[in-house]
Amino acid sequence: MSDLLIEHLNFDYQGNKVIDNLSLMIEKNEIVCLLGASGCGKTTTLKAIAGLIKPSEGFIKISNKTVNDKNVFIAPEVRNIGMMFQDYALFPHLTVAQNIGYGLLSRDKTFKRDRISEMLHLVKLEDLGERYPHQLSGGQQQRVAIARALAYKPSLLLLDEPFSNIDHQVRFQLIEDIRRIIKDQQVSAIFVTHSKDEAFAFSDKLAIMHQGEIIQQDTAKMLFHQPKAKMVAEFLGQGIYLDAQYQGGQCFKTSLGDVISTQAVDENKQKGSLYVRPQYLSLQAKSTESSGIDDVTILSKRFMGTRYIYRLKVSAQEIEVVATDDGLFNTGDRVDLNILPHPVNFFIN
Ligand SMILES: Nc1ncnc2c1ncn2[C@@H]1O[C@H](COP(=O)(O)OP(=O)(O)OP(=O)(O)O)[C@@H](O)[C@H]1O
């Protein structure tokens, strides 16, 4: 069963299309990340879900309740949505406990007291209930924000760049903690970020967004192994394109030699290009009998303590490849590049 269903959503700002026939589904207790370049429409999508803007067209259902359709527009305050943003947005004149209890104003005193203490325990801030927001660290403020967003048991949680103001050193611990808290409370969540690392650490699935559309929604592993579009493959990490011809079985012929796929291939796709990621490239000393016909040159080399990073030029493309030892390679060297068997990404041109 889905906790959020969006179909054919459209929205424009003064004639400028920002959401373009967007569809998205979030299963019960699932955390989905909207990932995409700046300006692709992520925040606008969250605003449409929250009811802060009115879409020109589209269907939105939250936990079995239609909140947007042709003749339906449910007001934001009755959509039962919790929200958390990058700037914490805590009330500065209220204590931590009062901030957490803010959405429970209509509930009786005992319920409110118990729920605040339950939430303080959940976010491990039991001793800080009487402090004011300015007396907390950024990470502690975000814990209060999540406690406040969850206190009234929302059907859906919206998180817009909640970790971007948090120091890098503590960010991933906080991501792990907040993910645990959300899972513990069995709430579905939709999370917006620019950062792939945050998206991988925090969410169950990623929805890759481009120019107001969801291009593909799946687990990070599936998106890596079976991207439906070049844009998805490129967005998830660097690689080089090689012209390729399908040879039968699991084999493709490229200008750097034959490439073997470790996953099933579509035999109907014959000619196109492979997108090869750096972890599948291995550097070799130039051999006179090398089968590769593409020219590969080392542009630069960086020592990183435990590894070396070589920046390579492969015909007209550039890519960085990691090697664990110094090898014999120096800037300007021409080398061979072997492609290890891997789950290939093959696109018809
Ligand atoms: N109030 C507004 N009036 C007009 N255009 C707007 C308004 N808000 C956003 N836009 C435009 O809509 C597009 C989508 O904006 P949105 O904030 O949804 O993108 P985003 O993917 O969240 O970007 P970022 O990652 O930079 O926050 C952008 O081109 C933006 O300039």
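Just so we're clear, the structure is a prediction, and the values are computed from it rather than from any experiment.

### Quick word on the confidence of the model for the chain
Inference 1: Of all residues in the chain, 96% have pLDDT values of 70 or greater, and the mean over the chain is 90.
Inference 2: With pTM at 0.86, the complex prediction returns an ipTM value of 0.97.

### Comments concerning helix α3 (residues 109–122)
Inference 1: Taking 1.5 Å of rise per residue, the 14 residues of α3 would be expected to cover 20 Å, and the 20 Å separating its terminal C-alpha atoms lies within 8% of that figure.
Inference 2: Buried within α3 are the following residues: Arg115, Ile116, Met119, Leu120 and Leu122. Seen along its axis, α3 keeps its buried residues to an arc of 155°; they face one direction. Seen from the buried face of α3, the exposed residues on the opposite side, beyond 90 degrees, are Thr110, Asp114 and His121.
Inference 3: Looking one or two places after α3, you find Lys124, whose phi comes out positive at around 55°.

### Structural notes on the packing of helix α4 (residues 138–151) against helix α5 (residues 168–184)
Inference 1: Running from amino to carboxyl end, α4 crosses α5 at an angle of 15°, the nearest separation of the two axes being 11 Å. The orientation of α4 relative to α5 falls into the category roughly parallel. In this structure, α4 meets α5 at a crossing whose hand is right-handed. In contact with Gly139, Gln142 and Ile146 of α4, α5 contributes Val170, Leu174, Ile178 and Ile181.
Inference 2: Looking at the contact of α4 with α5 residue by residue, the class counts come to 5 nonpolar, 2 polar and no charged.

### Observations regarding the site of the ligand
Inference 1: Lining the immediate environment of the ligand, one finds Tyr13, Val18, Gly36, Ser38, Gly39, Cys40, Gly41, Lys42, Thr43, Thr44 and His194.
Inference 2: When residues of the shell around the ligand are assigned to their parent elements, the largest contribution, 3 residues, is made by helix α1 (residues 42–50).
Inference 3: Residue classes in the shell around the ligand are distributed as 3 nonpolar, 7 polar and 1 charged.

### Description of the packing of α3 against α4
Inference 1: Across the interface, α3 lies against α4 with an axial gap of 10 Å and an inter-helix angle of 140°. What the angle tells us is that α3 and α4 run oblique. In this structure, α3 crosses over α4, and the sense of that crossing is right-handed. Within the contact between the two elements, α3 uses Arg115, Met119, Leu120 and Leu122 and α4 uses Ala147, Leu150 and Ala151.
Inference 2: Per-class residue counts for the contact of α3 with α4 are 6 nonpolar, no polar and 1 charged.

Conventions adopted
Residues numbered from 1 in each chain as written. Predicted model: local features only at pLDDT ≥ 70, side-chain atom pairs only at ≥ 80, totals over all residues. pLDDT = per-residue confidence, 0-100. Helix = DSSP H or I, 4+ residues; strand = E, 2+ residues; numbered from the N terminus. Expected span 1.5 Å × (residues − 1). Buried ≥ 20, exposed ≤ 12 C-beta atoms within 10 Å, placed from the backbone. Arc of directions from axis to C-beta. Axes fitted to C-alpha atoms, helices over the stretch in contact; angles between N-to-C directions. Parallel < 35°, antiparallel > 145°, perpendicular 65-115°, else oblique. Left-handed = near helix turned anticlockwise from the far one by under 90°. Contact = placed C-beta atoms within 7 Å. Nonpolar A, V, L, I, M, F, W, Y, C, P; charged D, E, K, R; others polar. Near = placed C-beta within 6 Å.

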